[in-house]
Amino acid sequence: MKRLLLLSVLILVFSTAAFAQNSYSIKGAIGDSVEHIKLERSAVSILQAKDSILVKFCFTSADGGFTLNGMGKGKYILLVSCPDYADYVEQFSLDSASQTHDFGRINLQLRTRLLHEVIIKGTASQMKIKGDTTEFNAKAFVI
């Protein structure tokens, strides 16, 4: 009987210690950088920093906020993706200094705003070979 009681106490102590290691959480909100609207249904992924394995995943709520609980100590990568917006990536770590990591408001940019202009520069080919004929372009040579 004493052994059973001792065994149950040991199991209780070790299980409490195991749950205490996963008591960290992260939170934040996702919005648009220009129009300042809240982006709901944005995908928030937490990856391990050392090998990029998915740890946690959620979608933002109607107010653009997210909360992920049950995280453990370690180094992680936050990946936020939303259709028509550029992905947001940030590395962070959870340690004994604080139980919660607050990202605050994360502003995403539209992909169309990232590319402002395109400049195409080309040079004329100096020579073309068409079968048994060779054509030279005089404008391609600078004198």
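Calculation rules
Counting starts from 1 at the beginning of each chain's written sequence and moves along it residue by residue. Given that this is a predicted model, residues contribute local features only at a pLDDT of at least 70 and side-chain atom pairs are listed and counted only at 80 or more, while totals for whole chains, interfaces and linings are drawn from all residues. Excluding hydrogens and water, the side-chain values take into account all heavy atoms of the structure. In this description a helix means any DSSP run of H or I spanning at least four residues, a strand means any run of E spanning at least two, and both kinds are numbered starting from the N terminus. Every residue pair with non-hydrogen atoms within 4.5 Å of one another is taken to be in contact. Think of a salt bridge as a Lys or Arg side-chain nitrogen and an Asp or Glu carboxyl oxygen that are within 4 Å of each other. Whether a residue is buried, partly exposed or exposed follows from its accessible area with a 1.4 Å probe, protein chains only, as a fraction of its type maximum: under 20%, in between, or over 50%, in that order. Patches here: salt-bridge-free residues with over 30% relative accessible area, like charges joined within 9 Å, nonpolar side chains (Val, Leu, Ile, Met, Phe, Trp, Tyr) joined within 5 Å. All accessibility values rest on the Shrake-Rupley procedure with a 1.4 Å probe; residue burial counts only the protein chains present in the view. As a per-residue measure, pLDDT tells how confident the predictor is, with possible values from 0 to 100. Any two strands with at least two DSSP bridges between them are considered paired. Lines fitted to C-alpha atoms define the axes, with helix axes restricted to the stretch in contact, and inter-axis angles between N-to-C directions lie between 0 and 180 degrees.

## A few points about the environment of Lys 75
Line of reasoning, step 1. Turning to its location among the elements, Lys 75 is positioned in strand S5 (residues 74–81).
Line of reasoning, step 2. Note: C-alpha distance between Lys 75 and Lys 50 (25 residues apart in sequence) is 7.7 Å.
Line of reasoning, step 3. Sequence-distant contacts of Lys 75, that is, excluding residues within four places in its chain, are made with Leu 47, Gln 48, Ala 49, Phe 92 and Ser 93.

## Looking at the side chain of Ser 45
Line of reasoning, step 1. Relative to the helices and strands, Ser 45 resides in strand S2 (residues 43–48).
Line of reasoning, step 2. Once you skip the residues sitting within four places of it in the chain, Ser 45 turns out to touch Leu 54, Lys 56, Phe 57, Ile 77, Leu 78 and Leu 79.

## Side note on the pattern of salt bridges
Line of reasoning, step 1. Applying the stated criterion across every chain, the model contains 2 salt bridges.
Line of reasoning, step 2. Where Arg 113 meets Asp 32, a salt bridge forms, and the shortest distance between an N and an O atom there is 3.7 Å. Placement of the pair is Arg 113 in helix H2 (residues 111–114) and Asp 32 in strand S1 (residues 24–32), with a sequence separation of 81 residues.
Line of reasoning, step 3. Take Arg 113: its relative accessible area is 24%, and that puts it in the partly exposed class.
Line of reasoning, step 4. With a closest N to O distance of 3.6 Å, Lys 130 and Glu 135 form a salt bridge.

## Some words on a nonpolar patch on the surface
Line of reasoning, step 1. A cluster of nonpolar residues, Met 127, Ile 129, Phe 136 and Phe 141, forms a patch on the protein surface that exposes about 470 Å² of accessible area.
Line of reasoning, step 2. Residue position: Met 127 is located in strand S8 (residues 127–130).

## Examining the confidence of the model for the protein chain
Where the model shows low pLDDT, its predicted coordinates should not be examined in detail.
Line of reasoning, step 1. Mean pLDDT over the protein chain stands at 84; residues scoring 70 or higher make up 84%.
Line of reasoning, step 2. Within the protein chain, the element-level pLDDT minimum falls on helix H1 (residues 2–20), averaging 57, and the maximum on S2, averaging 95.

## Quick word on the sheet that holds S5
Line of reasoning, step 1. Strand order across the open sheet formed by 4 strands is S3-S2-S5-S6, with antiparallel pairing between neighbours. The sheet terminates laterally at strand S3 (54–59) and strand S6 (88–94), the two strands that pair on one side only. Between one strand axis and the next, the sheet turns by 20° as a mean value, whatever way the strands run.
Line of reasoning, step 2. The pairing of S2 with S3 spans 5 bridges and is classified as antiparallel. The residue bridging Val 44 from the neighbouring strand is Cys 58, located in S3.

## What to know about the sheet that holds S1
Sheet strands line up and pair through hydrogen bonds in the backbone, either parallel or antiparallel.
Line of reasoning, step 1. Strand order in the open sheet formed by 3 strands is S4-S1-S7, and the pairing between neighbours is mixed. What marks the edges here is a single partner per strand, and that holds for strand S4 (65–71) and strand S7 (100–108). Between one strand axis and the next, the sheet turns by 15° as a mean value, whatever way the strands run.
Line of reasoning, step 2. Judged from the 5 bridges that link them, S1 and S4 form a sheet pairing that is antiparallel.

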